[in-house]
Amino acid sequence: MAYSVNISVEAPIENQIQEIAYDGQEIYNTPLTLSESLAKYAQKIDFNKTSDLDKKEPTDADAKNSDEENKDTFQSSLWPWDSVRNKLRNALTEVCVLADVLAIAKEKRYMVLDPVPQEQIDTKPMVQVYARKKALAGAASVLLTGAERLRTSQNELVRNRTTPDFHIELLRLRQNWRLKKVSNSIIGDLSYRTAGSKYTQTGMFEVTKAEEDDKTSSPPQSPSPSGTPSSKNNSALRVTVPSELQGVAYIEVLCQKDQEDLCSANINLLGSAPASTSPDIHWQQKLEAAQNVLFCKELFNQLAKEAVQLQAPIPHMVVGNQIMATVLPGIQLIIGLCHSTGNDKKSTVPPPTKTEHDHVLEHSLHQLLREVHHKNTHHPFPHPSSGPLGPSKKRCLAGPMASDRYELLEMTKSQTLLEQIIQQAQHFFMRMRTEYVLDTIAKEVKDPLIVSHWNSLNSPTQSCVKINIMTHGYDAVCRTPLVIHVGEKSLKCICRDGKVMHMSYEPQELRDLIFYHINQHQILAVQALAKCMGWHFLANSSHLGLGTVEPLGNASSCILASPTGDRIIAVRCEPQTGVQVSVAHSPRSDFFPSRLVSERKWEHLGGAFRDLRLDKMEGKNFLHKMELLMASLTSNS
């Protein structure tokens, strides 16, 4: 009976044992790398043993010996490193020979290397010229032939490839517009949703590949009257835009006063005049036109919605594609949406005929909707960071600052687009009326001069103008400055003495104020000139109660005396009549003593005032005439 015996099979030890520790652990030598193995085997090669390379031809007598030698050689070649040894030995021999030749050529002690002279061939110059000419002609013919082939291939490529590659065009389209693939079709979006728009109308368009059959079946183009062939758009893409976004749209803003156009502004992102749409336009222009239509529709829709919701003293009206709002009494703001598809034979809205329009109003309408988009996507960060997201910084500080209910309600209020446009239009009219009043007064009044300096840094609803009233040649003597802040429905004037006066939108109030300050300037300028001339200032009145009643404002006057007191000048300024100057002399020539007034000293009180005719006097302006008058009346004594 056979018994089963367990036999243990172990792998042979590939590495030698280097050391056996006391605990019986065996430490092996690390295996050699490929380079170390190669070096180890190369050390075993004996290069001193050389094989006999000169083999003699075998004869019939030595046939047996040669067979035995061949067998020995065959047996010796079985060593794997035999071929390596033979090649290395041959290479060493070649290198030694090369080293000997270089040593002989370099040292020149044993041998000298001289060039072997060759017989010179007699060549004629003309033969060389003809040979070079023939060689250049051959090279030129080769280059011309290659250039002709390249030109032919390029023409064939242009002739065969009439439309660009579909994928290249799609790549260019994707760089500027948002695209996505839905099943087997490519859908794009040209709306402003990613920019913050909340308009419900979608701006989807479809991208398809232009078929060759449509291009070949299309009739040829008729030549243009100018003689140059009209270029047709050859594109591998076909963009399909919804019918409501086709054509060209723009916003027209018109301000009317008693059925008279005051200003107009047209918003057309593609140009001032609507261009006729054709099916052969490029896809980029087609998409830009469709996006412009969507933008104008969104802007008009937002304005119409606000016009219905706002409760104004005079209600706003929305009729069709027009919005009518009252800016000031008798002045209306009309905002219209003009959309032409190009397919209609008769355009319902004629193109704008005015080329000059208000660029500021156009830019404001464009920016207002952009600001709404920006606010929808850019919310203020919470302060602190753990606070809620959404409330503004003012509302976050309302608790620590103990804001009341009124302040909280003011924080929640915001102006709509229509309100901002109406405010800008109101400010436009106020600024235009202020400019008209200042220009009119500057033309009417030559003395003194009225210089207006408008501030170039203004807001859409706030402007500032500085007015300087001065006399030519005497601007260093006296100058009357005024600062007028032009608002939406009111004017604020800061006078020379710091007084603040508020006026309404009526231009007559500003006109009365300017004339009042002109009269004040004349009186103050005469007083300043009298101080320079050495005359004495006796009396002054800004609101003179004597004389006829002025229909506008009050008259002002001043009395001046000469240095010796023998001459007196009285100046009266009236808003309507102008300036009146009277002169009195002392002592009086018509003084006669009586029982009541017997002393002669009373004759120095001065006589009656006599009016001067300023128009007959010499002088460039009023102050110049007054200077000449004071100089002539000053006594030499």
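Residues numbered from 1 in each chain as written. Predicted model: local features only at pLDDT ≥ 70, side-chain atom pairs only at ≥ 80, totals over all residues. Heavy atoms only, no water.

### Some thoughts on the nonpolar core
Nonpolar side chains tend toward joint burial in soluble globular proteins.
Thought 1: Counting 49 residues, the largest nonpolar core has Leu173, Leu190, Ile251, Leu287, Leu303, Leu333 and Ile335 as its most contacted members.
Thought 2: Among the elements that make up this core, the one with the highest residue count is helix α7 (residues 283-309) (12 residues).
Thought 3: Counting residues in each nonpolar core, the second largest holds 23 residues, with Tyr474, Cys478, Ala528 and Trp535 among its members. (Core = buried A, V, L, I, M, F, W, Y, C linked by side-chain atoms within 4.5 Å. Buried < 20%, exposed > 50% of the residue type's maximum accessible area, 1.4 Å probe, protein only. Helix = DSSP H or I, 4+ residues; strand = E, 2+ residues; numbered from the N terminus.)

### Brief notes about the layout of surface pockets
Thought 1: Taken as a whole, the second largest pocket encloses approximately 600 Å³ of empty space.
Thought 2: Of all elements in the fold, only α7, α8 (359-377) and α11 (417-444) reach the threshold of two or more residues within the lining of the second largest pocket.
Thought 3: By residue number, the principal contributor to the lining of the second largest pocket is α8, which donates seven residues.
Thought 4: For the lining of the second largest pocket, the per-class residue count stands at five nonpolar, 11 polar and six charged. (1 Å grid on protein atoms, 1.4 Å probe; cavity = no way out; pocket = protein on both sides within 12 Å on 5 of 7 lines; lining within 4 Å. Points joined across faces, edges and corners; volume = space filled by probe spheres on them. Nonpolar A, V, L, I, M, F, W, Y, C, P; charged D, E, K, R; others polar.)

### Describing empty space enclosed by the protein
Thought 1: Enumeration according to the criterion identifies two cavities of 30 Å³ or more in this entry.
Thought 2: Quantified by volume, the largest cavity comes out at close to 50 Å³.
Thought 3: Together, Met430, Arg433, Thr434, Val437, Leu491, Ser504, Tyr505, Glu506, Pro507 and Leu510 line the largest cavity.
Thought 4: Looking at the lining of the largest cavity, the elements with two or more residues in it are α11 and α12 (507-533).
Thought 5: For the lining of the largest cavity, a count of residues per class yields six nonpolar, two polar and two charged.
Thought 6: Approximately 30 Å³ is the volume attributed to the second largest cavity.
Thought 7: The residue makeup of the lining of the second largest cavity, split by class, is three nonpolar, three polar and two charged.

### Some thoughts on the packing of aromatic side chains
Thought 1: The tally for this structure, following the rule as stated, stands at two aromatic pairs.
Thought 2: Between Phe428 and Phe429, the aromatic rings sit 5.6 Å apart at their centres with planes inclined by 65 degrees, giving edge-to-face as the arrangement. Neither Phe428 nor Phe429 differs from the other in exposure class; each is buried. (Phe/Tyr/Trp six-rings, centres within 6.5 Å; stacked < 30°, edge-to-face > 60°.)

### Describing the pattern of salt bridges
Thought 1: Across all of its chains, the model carries nine salt bridges by this definition.
Thought 2: Measuring nitrogen to oxygen at the nearest pair gives 2.9 Å for the salt bridge that ties Arg178 to Asp189. Taken as a pair, Arg178 in strand β3 (residues 178-182) and Asp189 in strand β4 (residues 185-189) lie far apart in primary sequence, 11 residues in all.
Thought 3: Using a relative accessible area of 13% as the deciding quantity, one classes Asp189 as buried.
Thought 4: Among the salt bridges present, the one from Arg479 reaches Asp475, with a minimum N-O distance of 3.9 Å. (Salt bridge = Lys/Arg side-chain N within 4 Å of Asp/Glu carboxyl O.)

### Things to note about the packing of α12 against helix α13 (residues 622-633)
Thought 1: Packing of α12 against α13 brings their axes to within 10 Å, and their N-to-C directions diverge by 35 degrees. Judged by the sense of rotation from one axis to the other, the crossing of α12 with α13 is right-handed. Residues Gln522, Ala525, Val526, Leu529, Ala530 and Met533 of α12 lie in contact with α13, whose contacting residues are Phe622, Leu623, Met626, Glu627, Met630 and Ala631.
Thought 2: Classifying every residue of the contact of α12 with α13 gives 10 nonpolar, one polar and one charged. (Axes fitted to C-alpha atoms, helices over the stretch in contact; angles between N-to-C directions. Left-handed = near helix turned anticlockwise from the far one by under 90°. Contact = heavy atoms within 4.5 Å.)

### Some words on the side chain of Gln527
Thought 1: Mapping Gln527 onto the fold places it in helix α12.
Thought 2: Given the relative accessible area of 13%, Gln527 is considered buried.
Thought 3: If we ignore the near neighbours within four places in the chain, the residues touching Gln527 are Phe537, Asn540 and Cys558.

### Focus: the confidence of the model for the chain
Thought 1: Here the chain averages 79 in pLDDT, while 78% of its residues score no lower than 70.
Thought 2: Overall, residues 270-277 carries pLDDT values under 50, and its contacts beyond four positions in sequence, including any with other chains, amount to 16 contacts. (pLDDT = per-residue confidence, 0-100.)

### Overview of the sheet that holds strand β14 (residues 479-486)
Each strand in a sheet pairs with another by means of backbone hydrogen bonds, the pair being arranged parallel or else antiparallel.
Thought 1: One open sheet holds the five strands; their spatial order is β12-β13-β14-β15-β16, and the pairing between them is antiparallel. Of all the strands in the sheet, just β12 (449-454) and β16 (500-503) have a single pairing partner and so form its edges. Sheet twist, expressed as the mean angle between neighbouring strand axes with direction ignored, is 20 degrees.
Thought 2: As defined by bridge partners, β12 adjoins strand β13 (residues 463-470) across six bridges and the pair is classed as antiparallel. What sits directly across from Ile450, in β13, is Ile469.
Thought 3: Running over the sheet, α11 touches β12, β13, β14 and β15 (491-494) and is turned about 155 degrees from β12.
Thought 4: With respect to the sheet, α12 is in contact with β12, β13, β14, β15 and β16, its orientation differing from that of β14 by roughly 165 degrees. (Pairing = 2+ DSSP bridges.)

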